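Residue strings, one per chain:
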Amino acid sequence: MSKKNEQKREERSAYLFLAPYLILFLTFIVIPVALAMTLSFTDFDSVNFPKWAGLKNYISLFTSDAVFMQYVVPNTLKFSLIAGPLGYILSFLMAWMLAQVPKRSRTLLALILYSPSMTSGVAMTVIWKVLFNGDQTGYLNSLLLNWGLIREPVQWLQSTEWLMPVMIIVTLWSSMGVGFLSMLAGILNINPELYEAGYIDGVKNRFQEIVHITIPSLKPQMLFGAVMAVVNTFQAGAIGVTLSGSNPTPQYAGQLVLNHIEDYGFLRYEMGYASAISVVLLIFIAVSSKGVFKLFGDGE
Amino acid sequence: MASIQGKKMNPSRFHPSQIKFYVILIPMAILTGLPIVFIFSQALKPLNELYLYPPRFFVSHPSLSSFRKLLEAMNSSDVPIYRYFFNSIVSTLLTVLCTVGITACAGYALSKKNFRAKNLIFGINTMALMFVGAAVKIPKYLIVYGTGMIDKFAVHIIPALAMPVGLFLVKQFMDQIPNELLEAAKIDGATDWYTFRKIVVPLSKSSLATVVILTFQTAWNTIEASELYLNHDNQKTFAYYMSTLTTTGNDVAGIGMAAAATLIMFIPNLIIFIVMQNNVMSTMAHSGIK
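The rules behind each value
Residues numbered from 1 in each chain as written. Chains lettered and ligands numbered in written order. Predicted model: local features only at pLDDT ≥ 70, side-chain atom pairs only at ≥ 80, totals over all residues. Helix = DSSP H or I, 4+ residues; strand = E, 2+ residues; numbered from the N terminus. Buried ≥ 20, exposed ≤ 12 C-beta atoms within 10 Å, placed from the backbone. Contact = placed C-beta atoms within 7 Å. Axes fitted to C-alpha atoms, helices over the stretch in contact; angles between N-to-C directions. Parallel < 35°, antiparallel > 145°, perpendicular 65-115°, else oblique. Nonpolar A, V, L, I, M, F, W, Y, C, P; charged D, E, K, R; others polar. Expected span 1.5 Å × (residues − 1). Domains from an automatic or database assignment. Core = buried A, V, L, I, M, F, W, Y, C linked by C-beta atoms within 7 Å. Left-handed = near helix turned anticlockwise from the far one by under 90°.

### Remarks on the overall build of chain B
1) Next: Counting its secondary structure elements, chain B contains 14 helices and zero strands.
2) Next: Listing the helices and strands of chain B from first to last along the sequence gives α-α-α-α-α-α-α-α-α-α-α-α-α-α.
3) Next: Its C-alpha atoms give chain B principal-axis dimensions of about 70 × 65 × 35 Å.
4) Next: Evaluated residue by residue, chain B yields a buried proportion of 42% over its 290 residues.
5) Next: Restricting the contact set of chain B to residue pairs at least 6 apart, pairs at least 24 apart contribute 74%.

Here is the structure:
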């Protein structure tokens, strides 16, 4: 058999194995993204055929959508810049400490720290609503009143002041997911000789050890964990609406980009406009991930 | 001295130097675990304890009354309770099975086959790790509509099958299966399909188990299909039914029922993860993006 023929057969069999995934991946991930980009240049009310609108949606999004510029963008930046990095650093530190305790307690503690990732966001709402209830029957209010830290119950989920902090706390609570497990496994697999060599080469303390040995050896897992952190943060973006029970959230205090998309897409049926917001969000996520790749990638 | 430092990672037994880690880890675990404990406590509270003021975190006289109420409520709705469960179980099982199959095949091709677009496809898949599905709900709806899947049971399953994270983990894991093994099989006359089933799949069991867990978690918890693509209640899932409880049931009895439902949703995830957690850890060891 000629070499060329064999290569052809190999290609054919590769595509046969790939085909089911590839078709589904194209249909439900690639095409929706492409479609969102296309629709973002149109007027589309979901009944009539989309009408070409050029850059109109983007122009009104950035020049005349007061809610978007005044609340949605600052909220999203605040939420993602706090919850994302903080959750990520927390995952790394927890993983690093867990790697230094014996297996049995490590498994148990890791299971507990990971357990929030097994709950569904919707299902947990009922628990948060009871814990953060706005009158004195709320558990947090009752506790703080009891300790004399507050004089009257705080409207945690309905106040413009507190909704965002609660959203961030709830997101941090569930930030130890797949990325955390990846970093934990990565740390456990670092070759112990590297540490010995490091100490011979002049590493003096645990901090230097993290900077010069742990992080460089862990780069691939840290990159994976960072990408997962970015995704989780943006995916959690709808949480303000579930917690406060209304879209828009009270005085837009917890309004993030995902909620703005739903508001226009599914409540007002301005699909073209909503698609433009989706595209902006996707670009935002891509830029964040790019930054993450720059930080942890192999110096490209 | 130097060698002592290295041995601090992955210790085999307790040593007083570890106390400083426990001092941080245990309170963190307690903080993280409290809301989970609260699901249990709240679900098991009898009605008078749910009303109690000041509220008490832990249940003092556990009872199954909230579960009974939940059953009654479900039985009195138009759709019988077993229907929601049946839908959830069938759609989750099929999603998990199909995802594992499709992902294993694709992972094999990307890891062990040579073809021109290989790196390009894997690169695109790695980019898709950061894909947030909720951002493209609208075009996805149009595609589901266009493919005629509205009001079909399959809509629970088919749109959920391509999972970039799963393919990524499986491919990375398969990369460490030695190529010589596959070549030897080929020389012995094994077909591709045979090599895949008898060598590659058994050796990648850990990563496939991880895909099972991740898919199960999303499929079991999701309400997307029930909420957006299905109009008839008898095709919807338990997760959907429970989301209607959390949004409407604001009275005290409703809160107990919702907590009971939350617990029912949580337990299967927990059991599956505990059973398979060893596989997850060995998969994650190869999860880095290089």
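Moving on from the model shown.
### Here we look at the overall build of chain A
1) Next: Scanning chain A from N- to C-terminus turns up 13 helices and two strands.
2) Next: For chain A, the C-alpha atoms occupy an extent of roughly 75 × 60 × 30 Å along the three principal directions.
3) Next: Within chain A, the fraction of its 300 residues that count as buried is 47%.
4) Next: Intrachain contacts of chain A at a sequence separation of at least 6 include 66% that bridge at least 24 residues.

### Things to note about the packing of helix H5 (residues 121-131) of chain A against helix H2 (residues 19-43) of chain B
1) Next: Where H5(A) contacts H2(B), the axes come no closer than 10 Å and their chain directions differ by 90°. Considering the angle they form, H5(A) stands roughly perpendicular to H2(B). Of the residues in H2(B), those in contact with Ile127(A), Val130(A) and Leu131(A) of H5(A) are Pro35(B), Phe38(B), Ile39(B) and Gln42(B).
2) Next: Of the residues that constitute the contact of H5(A) with H2(B), the class distribution is six nonpolar, one polar and no charged.

### Considerations on the interface of chain A and chain B
1) Next: Taken together, the contact pairs 81 residues of chain A with 84 residues of chain B.
2) Next: With 19 residues, the top contributor of residues to the side of chain A that touches chain B is helix H1 (residues 3-39) of chain A.
3) Next: Within the side of chain A that touches chain B, the residues separate by chemical class into 60 nonpolar, 18 polar and three charged.

### Digging into helix H11 (residues 205-221) of chain B
An α-helix turns once per 3.6 residues; consequently, residues spaced three or four apart project the same way.
1) Next: Compared with an ideal rise of 1.5 Å per residue, which puts 17 residues at 24 Å, H11(B) spans 24 Å between its outermost C-alpha atoms and is within 8% of the ideal.
2) Next: Counting buried positions along H11(B) gives 14 out of 17 residues, so the element sits mostly inside the fold.

### As for the domain arrangement of chain B
Residue and element names in this part refer to chain B.
1) Next: Domain annotation for chain B reports domain 1 (16-63) and domain 2 (69-284).
2) Next: The C-alpha centroid of domain 2 is placed 30 Å from the C-alpha centroid of domain 1.
3) Next: Listed as interface residues are eight residues of domain 1 and, on the opposing side, nine residues of domain 2.
4) Next: Elements that contribute at least two residues to the side of domain 1 that touches domain 2 include exactly H2 and helix H3 (47-51).
5) Next: With four residues, the single largest contributor to the side of domain 1 that touches domain 2 is H2.
6) Next: Looking at the side of domain 1 that touches domain 2 residue by residue, the classes come out as six nonpolar, one polar and one charged.

### Section: the nonpolar core
A general trend in soluble globular proteins is that nonpolar side chains are found buried together.
1) Next: If you look at the biggest cluster of nonpolar residues, it comprises 161 residues, and the most contacted ones within it are Leu98(A), Leu184(A), Val227(A) and Ile277(A).
2) Next: Mapping this core onto the domain boundaries places at least three of its residues in each of domain 1 (16-63) and domain 2 (69-284) of chain B.
3) Next: When near neighbours in sequence (up to four residues on either side) are disregarded, Leu98(A) contacts Arg106(A), Leu109(A), Ala110(A), Leu184(A) and Leu25(B).
4) Next: Counting five residues, the second largest nonpolar core, distinct from the first, contains Val144(B), Val155(B), Ala225(B) and Leu230(B).

### Some points on the packing of helix H3 (residues 66-98) of chain A against H2(B)
1) Next: In contact at an axis separation of 10 Å, H3(A) and H2(B) are set at 125° when each is read in the N-to-C sense. Between H3(A) and H2(B), the interaxial angle falls into the category oblique. Here the hand of the crossing between H3(A) and H2(B) comes out left-handed. Facing H3(A), whose interface residues are Met94(A), Met97(A) and Leu98(A), H2(B) presents Phe21(B), Ile24(B), Leu25(B) and Met28(B).

### A few points about helix H8 (residues 164-174) of chain B
1) Next: Counting buried positions over the 11 residues of H8(B) gives 11, a clear majority of the element.
2) Next: Those residues of H8(B) that fall on the buried side of the exposure criterion are Pro164(B), Val165(B), Gly166(B), Leu167(B), Phe168(B), Leu169(B), Val170(B), Lys171(B), Gln172(B), Phe173(B) and Met174(B).

### Things to note about the environment of Gly240(A)
All names here are of chain A.
1) Next: By secondary structure assignment, the location of Gly 240 is in helix H11 (residues 239-244).
2) Next: Each C-alpha atom, one on Gly 240 and one on Tyr 252, is 9.4 Å from the other, the two residues being 12 residues apart in sequence.
3) Next: Beyond its immediate chain neighbours, meaning those up to four positions away, Gly 240 contacts Leu 163, Met 167, Thr 249, Gly 254, Gln 255, Leu 256 and Asn 259.

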